[in-house]
Amino acid sequence: MLPKATIRTFASGPLVARRGLHVTPARLGGYHYPEGPRSNLPFNPLTRFFYVRYTLFCATGFGLPFGIAYWQINKNKP
């Protein structure tokens, strides 16, 4: 059920030659960003009270919809 143009494209072979991905970083001059554990995180988990702040952040994000729902249900009661 494929269009004839699609079948013609795949039947004629690849249009672009494949490249070896193991050579690409060396050819491009290496990596720009540092490597290693925790180097790709947008925050620093090694600070003093990180886990307290992280727990409060997650609890707020999880509990906020429930608090809003409770508020909306009970706001018009006399």
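Residues numbered from 1 in each chain as written. Predicted model: local features only at pLDDT ≥ 70, side-chain atom pairs only at ≥ 80, totals over all residues. Heavy atoms only, no water.

## Observations regarding the overall build of the chain
Per the secondary structure count, the chain includes three helices and zero strands. Reading the chain from its N end, one meets helices and strands in the order α-α-α. By the burial criterion, 4% of the 78 residues in the chain qualify as buried. Carbon and sulfur atoms form 66% of the exposed surface of the chain, whose accessible area is close to 8,100 Å². (Helix = DSSP H or I, 4+ residues; strand = E, 2+ residues; numbered from the N terminus. Buried < 20%, exposed > 50% of the residue type's maximum accessible area, 1.4 Å probe, protein only. Areas by Shrake-Rupley, 256 points an atom, 1.4 Å probe, with all protein chains shown as cover.)

## Digging into a nonpolar patch on the surface
Where nonpolar side chains cluster on the molecular surface, the patch consists of Phe49, Val52 and Leu56 and spans about 310 Å² of accessible area. The topology assignment puts Leu56 in helix 3 (residues 50-74). (Patch = residues over 30% accessible without salt bridge, like charges linked within 9 Å, V, L, I, M, F, W, Y side chains within 5 Å. Salt bridge = Lys/Arg side-chain N within 4 Å of Asp/Glu carboxyl O.)

## Some points on the confidence of the model for the chain
Averaged over all residues, the pLDDT of the chain is 78; the fraction at 70 or higher stands at 59%. Here helix 2 (residues 24-27) stands out as the least confident element of the chain, with mean pLDDT 58; helix 3 is the most confident, with 94. (pLDDT = per-residue confidence, 0-100.)

## Details of the packing of aromatic side chains
A ring pair, where both rings are aromatic, is described by two values, the distance of the centres and the angle of the planes. The full count for this structure, using the stated rule, is four aromatic pairs. Arranged with centres 5.1 Å apart and planes meeting at 75°, the rings of Phe50 and Tyr51 form a pair that is edge-to-face. Accessibility expressed as a relative area gives 57% for Tyr51, which makes it exposed. (Phe/Tyr/Trp six-rings, centres within 6.5 Å; stacked < 30°, edge-to-face > 60°.)

## Brief notes about unusual backbone geometry
One non-glycine residue, Arg38, lies in the positive phi region at around 65°. Relative to the helices and strands, Arg38 resides in the loop between helix 2 and helix 3. Overall, Arg38 belongs to the partly exposed group, its relative accessible area being 45%.

## A word on the environment of Lys75
Take Lys75: it is sitting in the segment after helix 3. The exposure class assigned to Lys75 is partly exposed, which follows from its relative accessible area of 43%. Polar contacts involving the side chain of Lys75 include one to the side chain of Gln72, which spans 3.3 Å. (Polar contact = N/O pair within 3.5 Å; in protein donor to acceptor, adjacent residues only side chain to side chain.)

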